[in-house]
Amino acid sequence: MNWFDKLLDWFSGFTDQWEKHGVKFTLYTTIAILIGGMFELIPPFFLTKTAEPIQNVKPYNALELAGRDVYQKEGCNNCHTQMIRPFKWEVDRFDPQHSYGKDGYSKAGEYVYDHPFLWGSKRTGPDLAHESQIQPSAEWHKTHLINPRDTAKGSIMPAYPWLFEESATIDASKIADHMRGLQKVGVPYTEEDILSAPNLLAGKTAGDALIAYLLKLGRDTAELSKSLQ
């Protein structure tokens, strides 16, 4: 009998003992999971105090916030991430213009006003964290959303032409309510910001709002980086 078989026999004997005491095993397993869960869930509540907004990062205006709602509603975060990892090859890929200086990866301070975070983990499509610098044309985005194949041959992304129809006009009152809700969890919206929502959203469709949101991604930190160069 080799050493592996001996180890397997020992482990089998060990597990047999636990299988004979199913109630105790279940109880101890539950306790272990609860303890592990506490270590996993409690620290983030304290980490929020250490993540400070990066200078120049501003909350989404009413139109951009409406676009963010559309982004979530249409499930865009199921195929697109919004976080550049701190690897050189990744930074080079998603910051080809070097708009973010030598440290072109994502920072916690960029996301302090995001509720919820839309980092994602699946890249069926490209990462959009720097979209304002990679593709700054609003007209390009409109063409792409109406029919992705017109801008990216072979794309498997669904088309969203209805986002630009009159029936998809944004309801300003809902966005104002959303802004008030975010205000209560710490997003520094002023009453003036909220009252300006109807003017910003007048006649705007869901597609217009989504484009405004995409052109906001990474814009503030890029402008800060350029001002420091």
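From a predicted model like this one, the values you see are computed outputs, not experimental measurements.

A. The nonpolar core, seen in detail. In terms of nonpolar packing, the biggest core is built from 37 residues, with Tyr-71, Ile-175, Met-179, Tyr-189, Leu-201, Leu-210 and Tyr-213 touching the most fellow members. Among the secondary structure elements, those contributing two or more residues to this core are α3 (62-73), α7 (172-184), α9 (197-201) and α10 (206-214). The contact partners of Tyr-189, leaving out residues within four places of it in the chain, are Pro-59, Tyr-60, Leu-65, Met-179, Leu-182, Gln-183 and Ile-194. Ile-84, Val-91, Tyr-111 and Ala-129 belong to the second largest nonpolar core, which has five residues in total.

B. Spatial organisation of the state of the cysteines. Taken as a whole and assessed by the stated rule, the structure comprises zero disulfides. The thiol of Cys-76 is not disulfide-bonded; the next cysteine sulfur, from Cys-79, is found 8.4 Å away. Take Cys-79: its relative accessible area is 31%, and that puts it in the partly exposed class.

C. View of the layout of surface pockets. Reported here for the largest pocket is a volume of approximately 520 Å³. His-80, Gly-125, Pro-126, His-144 and Met-157 are the residues nearest the centre of the largest pocket, which is lined by 27 residues in total. Mapped onto the lining of the largest pocket, the elements with two or more residues apiece are α5 (131-134), α6 (138-146) and α10. With four residues, α6 is the largest single contributor of residues to the lining of the largest pocket. In the lining of the largest pocket, the residues fall into 16 nonpolar, eight polar and three charged.

D. Molecular detail of the packing of aromatic side chains. Per the counting criterion, the structure on display carries six aromatic pairs. With a centroid separation of 5.3 Å and 65 degrees between ring planes, the pair formed by Tyr-71 and Tyr-213 is classed as edge-to-face. With Tyr-71 in helix α3 and Tyr-213 in helix α10, this pair connects stretches of sequence that are 142 residues apart. For Tyr-71, a relative accessible area of 1% gives the class buried. Here Phe-117 and Trp-119 contribute two aromatic rings whose centre-to-centre distance is 4.6 Å and whose plane-to-plane angle is 15 degrees, an arrangement assigned as stacked. For Phe-117, a relative accessible area of 45% corresponds to the partly exposed category. The structure contains a cluster of three or more aromatic residues connected by ring pairs, namely Tyr-60, Tyr-71 and Tyr-213.

E. Region of interest: the environment of Ile-175. Looking at the element boundaries, Ile-175 is found in helix α7. Between the C-alpha atom of Ile-175 and that of Ala-32, which follows or precedes it by 143 residues, the distance is 44 Å. Residues contacting Ile-175, with those up to four places away along its chain left out, are Ala-62, Leu-65, Ala-66, Asp-69, Ile-170 and Leu-201.

F. Representation of the environment of Met-157. Topologically, Met-157 is positioned in the loop between α6 and α7. C-alpha of Met-157 to C-alpha of Leu-145: the two residues are twelve residues apart in sequence and 8.9 Å apart in space.

G. Molecular detail of the pattern of salt bridges. With the rule as written, the count across this model stands at nine salt bridges. Put simply, Arg-123 and Glu-90 hold a salt bridge, and the shortest N to O gap is 2.6 Å. Here Arg-123 is found in the loop between α4 (88-94) and α5, whereas its partner Glu-90 is found in helix α4, with 33 residues between them in sequence. Residue classification places Arg-123 among the partly exposed residues on the basis of a relative accessible area of 28%. In this structure, Asp-220 and Lys-216 form a salt bridge, with 2.6 Å as the shortest nitrogen-oxygen distance. You'll find Asp-220 and Lys-216 in the same group, each marked buried.

Quick notes on the rules
Residues numbered from 1 in each chain as written. Predicted model: local features only at pLDDT ≥ 70, side-chain atom pairs only at ≥ 80, totals over all residues. Heavy atoms only, no water. Core = buried A, V, L, I, M, F, W, Y, C linked by side-chain atoms within 4.5 Å. Buried < 20%, exposed > 50% of the residue type's maximum accessible area, 1.4 Å probe, protein only. Helix = DSSP H or I, 4+ residues; strand = E, 2+ residues; numbered from the N terminus. Contact = heavy atoms within 4.5 Å. Disulfide = S-S within 2.5 Å. 1 Å grid on protein atoms, 1.4 Å probe; cavity = no way out; pocket = protein on both sides within 12 Å on 5 of 7 lines; lining within 4 Å. Points joined across faces, edges and corners; volume = space filled by probe spheres on them. Nonpolar A, V, L, I, M, F, W, Y, C, P; charged D, E, K, R; others polar. Phe/Tyr/Trp six-rings, centres within 6.5 Å; stacked < 30°, edge-to-face > 60°. Salt bridge = Lys/Arg side-chain N within 4 Å of Asp/Glu carboxyl O.

Spatial relationships are all this shows, so hold off on functional conclusions.
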